[in-house]
Amino acid sequence: MFKVCVITATRAEYGLLSPLMKEISQNPTMQLQLIVTGTHLSTLYGATMNRIEEDGFEVDEYIDILDESDDELGIITTMSNAQVRIAEALQRLQSDVVVVLGDRYELVPIVSSCVVLHIPVCHIHGGEITQGAMDELFRHAISKMSTIHFASTKSYSSRLIQMGEQPDFVFNVGSLGVENIKKMDLLSEAELEKEIGFKVDKNTLLVTFHPITLEGADQAYQMQALLDALELREQYRVLFTRPNSDMHRNELNDMIDVFVAKHSDRCAVFSSLGQLRYLSAMKHCLAVVGNSSSGIIETPSFGIPTINIGNRQKGRISASSVVHVEANKAAILYALDKLEDPQFLFEASCTINPYEGKDTALNMCKLLQLLLERGLPSTKKFYDRIDN
């Protein structure tokens, strides 16, 4: 039986990985191993390890790596902790392959440990571009240390091959997040309101604004521009989810808290809604606003608009329902005003999501099984298009 180790460090990442984890756990040729780390273990981010347990997954290792300071050294300390502590866990588990998703900084030391330990890595969501964040650099570094690649679009799979990854190990399977939308039994408006104590309807904006890791000096200005725009459009209720554990997140959290306290009649903030409640809120709201990848990848499948602010997601393939705006008040107000246009809302409802695949989690699991049965190469060969 092949031991497949899935590593999750954040709420969003787990929400995407969970359907694949279920497929692996039900596959008779595989043993699911699970390492839970990062923000899952922190009360500041909702202690989301509890949700993993509630979903019925058996966790093999809980690894505390998070330095909760929000400056550059805190991020580096977290990476350093991950390098040693998760390597020790992987030695104990003796995994046949490690599965990781995305572009988070904590994944770089984890994957590099796999290289040293001779454990092949399967990377999900490689080949993408996000020019406004350090994640851009981390993602490509993770891809180069990985053997198997599950890309979310044809363009991204082509880019991975352009980077020298072997075509026989690069697969365009679509996005797990889009599949979740299709298959999950989401909450009704009434059920969601009962769960979170806040009404989410077609007069509500779902807002997530993450730190701008390559534009740190400007992030308070950009957040203030968003809040100033929301202040002027007082007809909207606003449901905030807190930023992830990037540098200088506390500054953004403080700004959100002040705004929510001032407008408590129409605003609320949550450290973590969890996948079910987050997607349910997305389903029932008018639009998604901010700079989260979920606004690009998942939101179009609900047929609602996304207002994507600034450069954090710059370069990602986007559906026609995504409005990209500069991170200033005038541009954000212009985009918010488009939400009053029936024609724009109709066009958003008809959009085609470029990240949509078919049976994504099941196909990933089948491909993993096939590749493990064939045997994964002990070394990687650079695929040079000049020679092929």
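Quick summary incoming for the structure in this document.

## Describing the packing of aromatic side chains
Aromatic ring pairs are defined here through the distance separating the ring centres and the angle between the ring planes.
Right, so step 1: Evaluated as defined, the whole model comprises four aromatic pairs.
Right, so step 2: Their ring planes at 90 degrees and their centres at 6.3 Å tell us that Tyr 14 and Phe 57 sit as a pair that is edge-to-face. With Tyr 14 in helix H1 (residues 11-26) and Phe 57 in the loop between helix H2 (49-54) and strand S3 (61-63), this pair connects stretches of sequence that are 43 residues apart.
Right, so step 3: Tyr 14 gets classed as buried once you look at its relative accessible area, which sits at 4%.
Right, so step 4: Between the aromatic rings of Phe 150 and Phe 171, the centroid separation amounts to 5.9 Å while the plane-to-plane angle is 50 degrees, which identifies the pairing as tilted. On the criterion of sequence distance, the pair formed by Phe 150 in strand S6 (residues 148-151) and Phe 171 in strand S7 (residues 170-172) is long-range, its members being 21 residues apart. Per residue, the accessibility class of Phe 150 equals that of Phe 171, and both read buried.
Right, so step 5: The ring of Phe 198 has Arg 237 lying over it, and the distance from NZ or CZ to the ring centre is 4.2 Å.

## Brief notes about the environment of Val 111
Right, so step 1: Mapped onto the elements, Val 111 comes out in helix H4 (residues 107-116).
Right, so step 2: What makes Val 111 buried here is its relative accessible area of 0%.

## Re the pairing of strand S1 (residues 2-8)
Right, so step 1: Counting buried residues in S1 gives five out of seven residues, a clear majority hidden from the surface.
Right, so step 2: The sheet contact formed by S1 and strand S2 (residues 30-37) spans seven bridges and is parallel. Looking at S2, one finds that Val 6 is bridged to Leu 34.
Right, so step 3: Pairing of S1 with strand S4 (residues 97-101), which is carried by three bridges, proceeds in the parallel orientation.

## So, the sheet that holds strand S11 (residues 287-290)
Right, so step 1: As summarised here, the arrangement of the six strands in space is S10-S9-S8-S11-S12-S13, forming an open sheet in which the pairing is parallel. This sheet does not close on itself; its edge strands, each paired only once, are strand S10 (267-270) and strand S13 (322-325). Pairwise comparison of adjacent strand axes, ignoring direction, gives a mean angle of 20 degrees for this sheet.
Right, so step 2: By the bridge criterion, five bridges tie strand S8 (residues 204-208) to strand S9 (residues 237-241) in an arrangement that is parallel. From the neighbouring strand, Leu 205 faces S9, where its bridge partner is Val 238.

## Points about the pattern of salt bridges
Right, so step 1: Taken as a whole and judged by the stated rule, the model has 15 salt bridges.
Right, so step 2: A salt bridge links Glu 61 to Arg 92; the shortest N-O distance between them is 2.9 Å. With a gap of 31 residues between them, Glu 61 in strand S3 and Arg 92 in helix H3 (residues 72-93) connect regions that are remote in the sequence.
Right, so step 3: According to the relative accessible area criterion, Glu 61 is buried, its value standing at 14%.
Right, so step 4: Taken together, the shared-partner salt bridges in this structure form one network comprising Asp 103, Glu 128, Glu 136, Arg 139 and Arg 316.

## Description of helix H7 (residues 176-183)
Right, so step 1: Across the eight residues of H7, six count as buried, placing the element largely inside the fold.
Right, so step 2: In this structure, the buried residues of H7 make contact with H1, S4, strand S5 (121-124), helix H11 (274-284), helix H12 (293-297) and helix H15 (360-374).
Right, so step 3: Where H7 begins, the side chain of Ser 175 points an oxygen toward the backbone nitrogen of Gly 177, at a separation of 3.1 Å.

## Some remarks on unusual backbone geometry
Right, so step 1: In this structure, Gln 94 takes a positive phi of about 55 degrees despite not being glycine.
Right, so step 2: One can find Gln 94 in the loop between H3 and S4.

## Remarks on H11
Right, so step 1: Judged by how many residues are buried, H11 sits mostly within the fold: nine of 11 residues are covered.
Right, so step 2: All of the buried residues along H11 are Gly 274, Gln 275, Arg 277, Tyr 278, Leu 279, Ser 280, Ala 281, Met 282 and His 284.

## Observations concerning the packing of helix H8 (residues 189-196) against H11
Right, so step 1: Contact geometry of H8 with H11 gives a least axis separation of 10 Å together with a crossing angle of 130 degrees. Judged on the interaxial angle alone, H11 and H8 are oblique. H11 is crossed by H8, and the crossing has left-handed handedness. Where H8 abuts H11, its residues Glu 189, Leu 192, Glu 195 and Ile 196 lie against Arg 277, Ser 280, Ala 281 and His 284.
Right, so step 2: Here the residues of the contact of H8 with H11 sort into three nonpolar, two polar and three charged.

## Looking at the side chain of Glu 128
Right, so step 1: Note that Glu 128 resides in the loop between S5 and helix H5 (135-144).
Right, so step 2: You can call Glu 128 buried: its relative accessible area is 1%.
Right, so step 3: In contact with Glu 128, not counting residues within four places along its chain, are Glu 136, Arg 139, His 140, Ser 152, Tyr 156, Arg 159, Ile 297 and Arg 316.

## Structural notes on the side chain of Ser 152
Right, so step 1: Positionally, Ser 152 belongs in the loop between S6 and helix H6 (154-162).
Right, so step 2: Within polar-contact distance, the side chain of Ser 152 engages the side chain of Glu 128 at 2.8 Å.

## Looking at the sheet that holds S2
Right, so step 1: With respect to topology, seven strands assemble into an open sheet ordered S3-S2-S1-S4-S5-S6-S7, the strand pairing being parallel. The strands lining the two open edges of the sheet, one partner per strand, are S3 and S7. On average, adjacent strands in this sheet sit at an angle of 20 degrees to one another, irrespective of strand direction.
Right, so step 2: As defined by bridge partners, S6 adjoins S7 across three bridges and the pair is classed as parallel. When the bridges of S7 are listed, His 149 appears paired with Val 170.

Basis of the calculations
Residues numbered from 1 in each chain as written. Predicted model: local features only at pLDDT ≥ 70, side-chain atom pairs only at ≥ 80, totals over all residues. Heavy atoms only, no water. Phe/Tyr/Trp six-rings, centres within 6.5 Å; stacked < 30°, edge-to-face > 60°. Helix = DSSP H or I, 4+ residues; strand = E, 2+ residues; numbered from the N terminus. Buried < 20%, exposed > 50% of the residue type's maximum accessible area, 1.4 Å probe, protein only. Lys NZ or Arg CZ within 6 Å of the ring centre and 35° of its normal. Pairing = 2+ DSSP bridges. Axes fitted to C-alpha atoms, helices over the stretch in contact; angles between N-to-C directions. Salt bridge = Lys/Arg side-chain N within 4 Å of Asp/Glu carboxyl O. Contact = heavy atoms within 4.5 Å. Polar contact = N/O pair within 3.5 Å; in protein donor to acceptor, adjacent residues only side chain to side chain. Parallel < 35°, antiparallel > 145°, perpendicular 65-115°, else oblique. Left-handed = near helix turned anticlockwise from the far one by under 90°. Nonpolar A, V, L, I, M, F, W, Y, C, P; charged D, E, K, R; others polar.

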